[in-house]
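Chain and residue survey
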Amino acid sequence: MSQNDTISPLLSVKDLTVKFGEGPREVCAVDGISFDLHEKKTLAIVGESGSGKSISSLAMLGLLKFIGGRVSSGQLEFQSSVLGETVDLAQAPEQVLRKIRGNEISMIFQEPMTSLNPVFTIGSQMSETISLHQGLSKSEAQTRALEFLELVRLPNAKRLLTNYPHQLSGGMRQRVMIAMALCCEPKVLIADEPTTALDVTIQAQILHIIRDLQAELGTSVIFISHDMGVVSEMADDVLVMKASKFVETGTVHQVLGHPQQDYTKALLAAVPKIGSMTGTTAPKLFDIPGMAQATKPAQVKTTDTAREPVLEVENLTTRYDIRGGLMNRVTHRVHAAEKVSFEIYPGETLALVGESGSGKSTVGKTIQQLIEPASGAMRYRGKDIFSLPREDRKAFQKQTQYVFQDPYGSLNPRMTVGESLVEPAKVHGLISTKAEALDKAAELLEKVELPAEYANRYPHQFSGGQRQRLCIARALACDPSLIIADESVSALDVSVQAQVVNLLMGLQESQGLSYLFITHDMAVVERISHRVAVMYLGQIVEIGTRQQIFENPQHPYTKRLLAAVPKLMPGHRPTRVLLDGEIPSAMRAVDDPPRLVDLQQVSDGHFAAL
Amino acid sequence: MPILRFLIQRLLQAVLVTIAVTLFVAFAIRLTGDPAIMMTAQSSSVTEADLDRIREALGLNQSFIKQYFDFVRNILSGDLGESFFRGSVRDLIALALPSTLLLAVASMVVSIALSIPLGIYAAVHKGGAADQIIRVLSLVGLSFPNFWLGIMLVLMFSITFPILPASGFSSWQSILLPATTIGIILTATNVRLVRTQMLETLSSQYVMVARAKGLSEKTVIYKHALRNAAISIVTFLGLQFGNLIGGLVIIELVFNWPGMGTLSIEAIAQRDYPLLQATVSILAIMIVAVNLAVDLVYGLIDPRIRVA
């Protein structure tokens, strides 16, 4: 596999099989996986949801029994220095495993918001591990904890020791988790999707820290991820898994550069590669092997700004009041959207990008009239919406439809898919009889490339990708002219994501739809959008055509956002100017309004705050 | 100063609750009968003039509003007034309140001592035989009336095996039966609560993280999981304590326990307005105070709502 074959591996997994349940309900979650982890190397385990990659990592810590699973066959041979011998982690008794867990093999989990115990201070949670494994006194353990908090570049590390988790942002908590995982200087660090829940600039920060510390401490890393870009940046070796089974393995150059298996090829094809569209203006479908429509180009090449816009948003401002004090007065405001202006033209996709807290969803929800704006105007085909009486506004609501991020939470589990799909059309009085409803449901399902007989099924019978198709079908029920897609593909596996993005582009072409595509994912934006608006702390800091934004970014935030996206270049270890702290908050005192940015024209249709 | 605002809010709330409760009680008891007639029911030669004289002596000839304000004014000056029949209300309450509190606390202790270990055990061994048995017993406990359990315990431990006193409050043994009765009844609910809360925290990610650190199961369960489960358990126990003080009435009657419950029942029977108004006011204030205490303790165990 690599040049390390002569040295015996630190961790050698042979034919690992993990099962859950008993008898007829037995499920095989990992089916015969083998790999070697060598000293100071990073092995990435890649796969989509349900591939068994996280389950394998829990097996290495002997933690499966706590979630009802078991290693049914195979060996996990680990060269333990604490015990001075090779231990089979699949067979070792609990006392032995406890000496290894957190000490020689430690783990960082995906969700930093729930990984730390909310009722204990950072200092006590860290020194607990240190005292346990190194037998240090309380004050010595605190000193060591401090040392490692500084190592993960946390500012004010001393104060953090007495802080509780809720006082820290997600990125900071993940750094605390890294410090905690590394504080006993383990030989193996398992990182299970450590950056998936984080913003892209914070992700870049965390990946750097892991890489630097790995070099500093000589740790071997098992990096579990679904994100090929991240894997390309982190891994020496790669193992691909699909549906509990092994697909292929090799060095990062072999697997990402010259994949042998069809699944790996398909997976890589589905990954949006930032920069791959340089020099083009129109959106482009994803090339999914075996799918014919991939060759069809998008109809709308460039935005025709001479036409009347579908929607004009002018100086839209939405704020959330924070109350406090004895009199419960408004003391602070979250300036979620400040003087946001843009137009969306017929048949075009405007991407609204930004990180959490940038106010991008607030803008979408204000347009859908789910939130009342503080000020500003919104014109639908020239008609001022906010000045209309309530009933007339409702008619406009029909013209815009919202597709949410979570396809699980947005379909009523007790209604058949058919009922859910035609509900909006019923509400707006477009259909009345049962026969019409049936026809409509069939027609909508057909539009999103699902069989018409699915109308009688319930949401739980569908996968995440299918549900998101259903949500899109429902949005189409009233023949809208604008669809607001709020992180609609973010929760989907990459191969499914590519299909749904292709579907959206196909629908745009056939129905002449406009999209407001709200997302944090720059790589998807590059594929789908005609124009891009970048939001930062409630304001648009740069807006222009996709080509202008991606090939000639002007605002420092746009540049940082683009630079932070991991690229699919095996072995490439980018050096970035890292955001040092956190993304600031849009919450401000009442008498301290934010400074408004001044957008200046860079070139035709390209504006940036400089 | 959010904590100050919180306390002021709660204090205002307590005053409003007390006013509402006493007003309602004072009004309602006056609808149920005339104490003057009740007092003289035994004698045959009572004239209307005698009744008027009694009413005047008790202050009952005045308007309801006047009577209520007199009562409030007296309370504010620390005077709980005189019972119609039994002397100073203050002395009566001074005797009854400690016994009620003692019984309430003892019952809670019994219930906590039973439900926390059982609930944790059931959660840790979810689906096992012990878990099933605990759940069935808890259902049985929820299904039968508390006075019936009291009577059964009396039959068993005072009649069949006469080892414990059946009623009254004469020695420390007297509290065992009533406290056990209420304790068991409360355990039926609490064990379920502890079990659910523990199951929830045990399945949380930070518990998995604690295990991944190499901590022993004991530390994981009793430190990491229990401490988090305790947040909702304490809230619930606090609210329960409030209900318990109100609900003690029946058990106090069954065991002839000289507490606030017995005192108020007697006051109702005799239409002893001042005594009833005073006991009910004190119970209401106590329930509000317990809720306030729970909110403060809540802040202590949950750093997320602790005031910086």
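On a predicted model such as this, the values are computed, not experimentally measured, just so you know.

Further remarks concern a nonpolar patch on the surface. Residue and element names in this part refer to chain B. Together, Phe147, Trp148, Ile151, Leu155, Ile159 and Ile250 line one region of the surface with nonpolar side chains, adding up to about 550 Å² of accessible area. Among the elements that line the nonpolar patch, the one with the most residues is helix H7 (residues 146-160), at five residues. When you line up the elements, Phe147 lands in helix H7.

All names here are of chain A. Burial along strand S6 (residues 105-108) is two-sided: the face carrying Ile105 and Met107 and the face carrying Ser106 and Ile108 are both buried. Where S6 lies against strand S7 (residues 188-192), four bridges are found, and the strand directions are parallel. Directly across from Ser106, in S7, lies its bridge partner Leu189.

Quick look at the interface of chain B and chain A now. Taken together, the contact between chain B and chain A spans 22 residues of the former and 32 residues of the latter. Remark: the boundary between chain B and chain A carries two salt bridges. Where Glu128(A) meets Lys213(B), a salt bridge forms, and the shortest distance between an N and an O atom there is 3.0 Å. In this structure, the connection of chain B to chain A is made through 10 residue pairs in polar contact (both at pLDDT 80 or more). Mapped onto the side of chain B that touches chain A, the elements with two or more residues apiece are helix H9 (205-212) and helix H10 (217-254) of chain B. It is H10(B) that contributes the most residues to the side of chain B that touches chain A, seven residues altogether. The class makeup of the residues in the side of chain B that touches chain A is eight nonpolar, six polar and eight charged.

Turning our attention to the packing of aromatic side chains. One pass over the full model with this rule turns up 11 aromatic pairs over all chains. Seen in terms of ring centroids, Tyr536(A) and Tyr557(A) are 4.4 Å apart; in terms of plane orientation they differ by 35 degrees. Their pairing is tilted. With Tyr536(A) in strand S19 (residues 531-536) and Tyr557(A) in helix H20 (residues 556-564), the pair connects residues that are 21 residues apart, well separated along the chain. Exposure remark for Tyr557(A): the relative accessible area of 3% places this residue in the buried category. Above the ring of Phe286(A), the side-chain terminus of Arg527(A) is found at 4.6 Å from the ring centroid. Between Arg211(B) and the ring centre of Phe66(A), over which it is positioned, the NZ or CZ distance is 3.8 Å.

What follows is about the pattern of salt bridges. All names here are of chain B. Counted under the stated rule, the structure contains 34 salt bridges over all chains. Taking the shortest distance from any N to any O, the salt bridge between Arg55 and Asp34 comes out at 2.5 Å. On the criterion of sequence distance, the pair formed by Arg55 in helix H3 (residues 48-58) and Asp34 in the loop between helix H1 (2-30) and helix H2 (35-39) is long-range, its members being 21 residues apart. Look at Arg55 and you get buried, because its relative accessible area is 16%. The exposure class assigned to Asp34 is partly exposed, which follows from its relative accessible area of 22%. Beyond isolated ion pairs, a larger network of salt bridges with shared partners links Asp34, Glu48, Asp52 and Arg55.

Cut-offs applied
- Residues numbered from 1 in each chain as written.
- Chains lettered and ligands numbered in written order.
- Predicted model: local features only at pLDDT ≥ 70, side-chain atom pairs only at ≥ 80, totals over all residues.
- Heavy atoms only, no water.
- Patch = residues over 30% accessible without salt bridge, like charges linked within 9 Å, V, L, I, M, F, W, Y side chains within 5 Å.
- Areas by Shrake-Rupley, 256 points an atom, 1.4 Å probe, with all protein chains shown as cover.
- Salt bridge = Lys/Arg side-chain N within 4 Å of Asp/Glu carboxyl O.
- Helix = DSSP H or I, 4+ residues; strand = E, 2+ residues; numbered from the N terminus.
- Buried < 20%, exposed > 50% of the residue type's maximum accessible area, 1.4 Å probe, protein only.
- Pairing = 2+ DSSP bridges.
- Contact = heavy atoms within 4.5 Å.
- Polar contact = N/O pair within 3.5 Å; in protein donor to acceptor, adjacent residues only side chain to side chain.
- Nonpolar A, V, L, I, M, F, W, Y, C, P; charged D, E, K, R; others polar.
- Phe/Tyr/Trp six-rings, centres within 6.5 Å; stacked < 30°, edge-to-face > 60°.
- Lys NZ or Arg CZ within 6 Å of the ring centre and 35° of its normal.

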